[in-house]
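Given next are the chains, with one letter for each unit.
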Amino acid sequence: MKIRTDFLIIGSGIAGLTYAIKVATDFPDKSILVVTKSNELESNTRYAQGGIAAVLIPSESDYQSHYQDTLIAGDFLNSSSIVDLTVKSASARIGEIISWGASFDKNGHSLYDLCLEGGHSQKRILHHKDITGLEIQRTLLNKIKEFPSIKILTHFFANDLILHPRHSDTCIGAQFINIATEKEYKVFSEKTIVCTGGIGQVYKNTTNPLIATGDGIAMAARAGAAIESMEFVQFHPTALFSKGENPSFLISEAVRGAGAILVNHKGNPFMNNYSGLGSLAPRDIVARAIEHEMKKEQAEHVYLDCTNIPIASFRNDFPNIYYKCRSINIEPDRDLIPVVPAAHYLCGGIKTDQWGQCTIKNLYAIGECASTGLHGANRLASNSLLEALVFAHQAYVHSTASLSKASPSTLPEIHSEKPEKLTTADIEADRIKSSINSLMTDHAGIVRNTGSILSGIKELDTISEEISLLKSSYKKTEILNLAGIAGLILRASLQRKENKGLYYNTDLIQPKHKIRA
Ligand code: FAD
Ligand code: SIN
C-alpha cells in the first residue's frame, strides 16, 4: 500500500513528538504522520529519570559554566558552536514544553528545584521527581491530541528509507511493515524525520527498552547517510544489579547528586582513588572505575550507599527508585543497593548539521539517533532531553522554510494493532540477538583492546551469515540493524587512535584518565 504525507516522523519519543507539535502549530494544513514500532508511550524518553539540564534565567556566567561542563565531559571533542547554541536555547525550549503542560518540581520558594548530577559544576537540572521522562512523554502525547493534522500509527516498523529513483541523494519517504499483519507499506513524504532513539539493546545489560535497536541509524547508513562517533557508547555507572532483567532498572545519578556514594564489597568508598570529583565524576570515569573495582574484587557489581540520605527525602525525591528497591527488599536507608554499569546512551549516530539535516536531502535526524556534535566523546548527564528539544526546533525551522507549494495531502485511515503471537522466526531472531549482545559486551564494552575488537568483527561476520537464513519478517530487519550497529561500533573503535572520553583501549598509550590500581 502507498501513502502520501507532508511530514513523516519515525519515532514517538521526545524528539519526534516535539517536532510534530511545532509543525502542526504553524502549518495546520499539512499532514503529519508519526509512526512508531511499539505503543506510542514506549521510548527511551519515558524512562528518563534525572531530568533536563538548563540555564533558565539568561546569565553569561551560567551559560559559560554549562558550556564548560559539557565540553569537559565531552573531552573537548564537542562542536563548540553546537554546545553554545544548545546551552543558549535551553530556556526558550523548556519554556515551550512548560507552556504545553509539563510540570517540573519546585521548592518551598516556588523556584524550580534544580538538582545535581555527575560532571555538573552547579545545580541546573530540572526534574519531575525521578520520572521526568514520563512527565514529558505524557505531556507531549496529550498535546498532540489538539492537532487533527497529526496521526500516530503504532506497531508499524520502519525498515528502510526510500531514495529518489534518479537522485539518490534525496529521501522521499520510508517503507514500513505492519507488525501484526506483516503487510508492507510505502510512505512518501516531502520531509522525513528520523527520531528512532538509541542502541542500548545491542548490549547484554542496558537501561534502554526493547525498542532501542538502532533502526534509524542502520537505515540511514544503508541509504548512504554519513554516520559518526559510533565508538562513544555511554555506560551509565549505576544500573540496579538484577540478573536477567531487560532493560536494567536505573538508579539515577541524581541519587549520587543527593549524597549517595559508591562503595566496594568491603563497604569502602573508592571513587576518590580515581577522581577528585569522587562519586560525581563524569560518567566515563565512574563507569571505568567501577569496572576496575569489580575486576579487582572479582565481583559482579559494586554498591551504592544511600544510607546518609534521610528516608523521607529519598521517598519524596525518588519515589520510583524507592518503590523498586522496596519491591526487592532493599531499604535504601539501611541496605546498600547493588549496582553495575549498563549501556545507556549513544553519543554518535546520524551526522547532522545545526538544523538537524543529514547528508541526504529532505532527511533530518533528531534526538538520540542523531550526532549533532553536542556530546563529543561523552555526554554530560541530562543534556540529552535538552538536545532533543533544541534540535526538534532547529529541524522544524529549517524543514518548514523550504516547503513545496504542492497541495497538502490527506492521510487515509490505517489501523494498527498490537501483534499477538510470537513466531518461530521471532524465537530464532532472539537467539541471534543474544549472540550479538554477548559479542558486544565482550568485545566493545567499557574497556576495549585492539585484538578483541578485531576478533569481534570476525565473529560478527559469522553471526551475519546466520541472520541471512532467518525467515523474512520485521524481526529479521531488526536483528540485521543490531548487527549493523554492532559493526559500526566495532569499526569506529578500530579507527580511533587516541583514548578520549568514553573510548578506552588498553593498547593505546597515555590514556587521559589512567586507571589507578
Ligand atoms: P526515544 O525516546 O527512544 O524514541 C524513539 C522512538 O522511535 C520510539 O517511539 C520507538 O518506538 C521508535 N522507533 C525506533 N525504531 C523504530 C522503527 N524501526 N520503526 C518505527 N519506530 C521506531 N536523558 C536526559 O537528558 N535526562 C535523563 O534524566 C535521562 N534519563 C534516562 C534514563 C533512562 C533509563 C534512559 C534509558 C535514558 C535516559 N536519558 C536521559 C536519555 C534520554 O531519555 C534519551 O536519549 C531520549 O529520551 C531520546 O529521545 P528520542 O526521542 O531521541 O528517542
Ligand atoms: C540519570 O538519571 O542518571 C540519567 C540521566 C541521563 O542519562 O542524562
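Chemist: Whenever I open this one, the overall build of the protein chain confuses me. Can you help?
Modeler: When you go through the protein chain residue by residue, the secondary structure sums to 13 helices and 16 strands. A globule of 517 residues ought to have a C-alpha radius of gyration of about 24 Å, and the protein chain, at 22 Å, matches this closely. With respect to the three principal axes, the spread of C-alpha positions in the protein chain is 65 × 60 × 45 Å. Per-residue burial over the protein chain gives 60% buried out of 517 residues. Accessible surface for the protein chain amounts to roughly 20500 Å². Of this, 51% is attributable to carbon and sulfur atoms. Taking the 53 positively charged and 54 negatively charged side chains of the protein chain as two groups, their mean positions are separated by 2 Å.

Chemist: I would appreciate a short explanation of the site of ligand 1 in the present structure.
Modeler: Thr 45, Gly 51, Asp 215, Glu 368 and Ser 384 are the nearest of the 38 residues found near ligand 1. Between ligand 1 and Ile 14 there is a distance of 3.2 Å, counted from an oxygen atom to a backbone nitrogen or oxygen. Within the contact set of ligand 1, an oxygen atom lies 2.9 Å away from a backbone nitrogen or oxygen of Gly 50. Looking at the shell around ligand 1, the elements with two or more residues in it are helix H1 (14-26), strand E6 (156-163), strand E13 (337-346) and helix H10 (384-400). The element that contributes the greatest number of residues to the shell around ligand 1 is E6, accounting for three residues. Along the lines of polarity and charge, the residues of the shell around ligand 1 split into 14 nonpolar, 19 polar and five charged.

Chemist: Please clarify how the sheet that holds strand E14 (residues 349-351) should be interpreted in this entry.
Modeler: By way of backbone hydrogen bonds, the strands of a sheet pair with one another, either parallel or antiparallel. The strand order E9-E14-E16 describes an open sheet built from three strands, whose pairing is mixed. With one partner strand each, in any of the chains shown, strand E9 (227-228) and strand E16 (370-371) form the two edges of the open sheet. Looking at chain direction, E9 and E14 are connected through two bridges and run antiparallel. Bridge assignment links Ile 227 to a residue of E14, and that residue is Ile 350. Lying over the sheet, helix H5 (residues 215-223) contacts E9 and E14, oriented at roughly 45° with respect to E14.

So, how was this worked out
- Residues numbered from 1 in each chain as written.
- Chains lettered and ligands numbered in written order.
- Predicted model: local features only at pLDDT ≥ 70, side-chain atom pairs only at ≥ 80, totals over all residues.
- Heavy atoms only, no water.
- Helix = DSSP H or I, 4+ residues; strand = E, 2+ residues; numbered from the N terminus.
- Rg over C-alpha atoms; globule rule 2.2 N^0.38 Å.
- Buried < 20%, exposed > 50% of the residue type's maximum accessible area, 1.4 Å probe, protein only.
- Areas by Shrake-Rupley, 256 points an atom, 1.4 Å probe, with all protein chains shown as cover.
- Lys, Arg positive; Asp, Glu negative; His and termini not counted.
- Charge placed at Lys NZ, Arg CZ, Asp CG, Glu CD.
- Near = heavy atom within 4 Å.
- Polar contact = N/O pair within 3.5 Å; in protein donor to acceptor, adjacent residues only side chain to side chain.
- Nonpolar A, V, L, I, M, F, W, Y, C, P; charged D, E, K, R; others polar.
- Pairing = 2+ DSSP bridges.
- Contact = heavy atoms within 4.5 Å.
- Axes fitted to C-alpha atoms, helices over the stretch in contact; angles between N-to-C directions.

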